[in-house]
Amino acid sequence: QVQLVESGGGLVQAGGSLRLSCAASGSIFSINAMGWYRQAPGKQRELIADITSGGSTYYADSVKGRFTISRDNAKNTVYLQMNSLKPEDTAVYYCNADIDVTFVSGSYYWGQGTQVTVSS
C-alpha cells in the first residue's frame with residue numbers, strides 16, 4: 001500500500017505565505033513525477049505545479065513567480081512554497097505522485113487534500 005500524507009494548509013491573509021508538504025510512504029520502488037493540484041469550490045481540479053525525479057519543474061501561469069515546488073528524494077517528500085498568496089488561491093490542495101511499486105508496476109496516487117484559505 002502507498003499513502004500520500006499532506007500537511008501545511010491553513011488560513012492566511014492576502015500577501016502571506018504557506019508551505020505545503022506531502023510525504024509518500026509504503027511499498028515504494030521509485031517515485032517519478034510529483035505534483036500539486038488544487039480545486040476551488042465549483043471548479044475543476046487543476047494542475048498548478050509538478051516536478052520530475054530529475055528536478056525539472058512546471059508551473060501554471062496563475063502561480064508562476066509566486067509558488068515554488070521542490071522535493072527531497074531521500075524523504076519521498078514534495079513541497080510547495082506559496083508566497084504572495086491571493087484570495088483566488090483559496091482551494092483544497094492535493095498532491096499527486098507517479099509511483100512504481102515494483103520494477104514494472106506503478107500508478108498515480110493522491111493525497112487526502114489540505115485546505116488553503118486566503119482572506120482579503
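Everything that follows concerns the structure shown earlier in this document.
If you're wondering where the values come from, they're calculated on a predicted model, not measured in any experiment.

Chemist: Outline the overall build of the chain, supporting the account with residue identities and numerical values.
Modeler: Of regular secondary structure, the chain possesses zero helices and eleven strands. Taken from N to C terminus, the helices and strands of the chain fall in the order β-β-β-β-β-β-β-β-β-β-β. The C-alpha atoms of the chain give a radius of gyration of 14 Å, which matches the 14 Å a tight globule of 120 residues would have. A principal-axis box enclosing the C-alpha atoms of the chain has dimensions of 50 × 25 × 25 Å. Residues counted as buried form 40% of the 120 residues belonging to the chain. Restricting to contacts in the chain with at least 6 residues of sequence separation, those with at least 24 account for 55%. Roughly 6300 Å² of accessible area belongs to the chain as shown, and the carbon and sulfur atoms make up 48% of that amount.

Chemist: Would you mind going over the sheet that holds strand 8 (residues 77–82) in detail, with residue names and values included?
Modeler: One key point about sheets: their strands pair by backbone hydrogen bonds, in either a parallel or an antiparallel sense. Strand order in the open sheet formed by four strands is 1-3-8-7, and the pairing between neighbours is antiparallel. Among the strands making up the open sheet, the edge pair consists of strand 1 (2–7) and strand 7 (67–72). On average, adjacent strands in this sheet sit at an angle of 15° to one another, irrespective of strand direction. Where strand 3 (residues 18–26) meets strand 8, six bridges bridge the pair, whose relative direction is antiparallel. In the strand pairing of strand 8, C22 is matched with V78.

Parameters and conventions
- Residues numbered from 1 in each chain as written.
- Predicted model: local features only at pLDDT ≥ 70, side-chain atom pairs only at ≥ 80, totals over all residues.
- Heavy atoms only, no water.
- Helix = DSSP H or I, 4+ residues; strand = E, 2+ residues; numbered from the N terminus.
- Rg over C-alpha atoms; globule rule 2.2 N^0.38 Å.
- Buried < 20%, exposed > 50% of the residue type's maximum accessible area, 1.4 Å probe, protein only.
- Contact = heavy atoms within 4.5 Å.
- Areas by Shrake-Rupley, 256 points an atom, 1.4 Å probe, with all protein chains shown as cover.
- Pairing = 2+ DSSP bridges.
- Axes fitted to C-alpha atoms, helices over the stretch in contact; angles between N-to-C directions.

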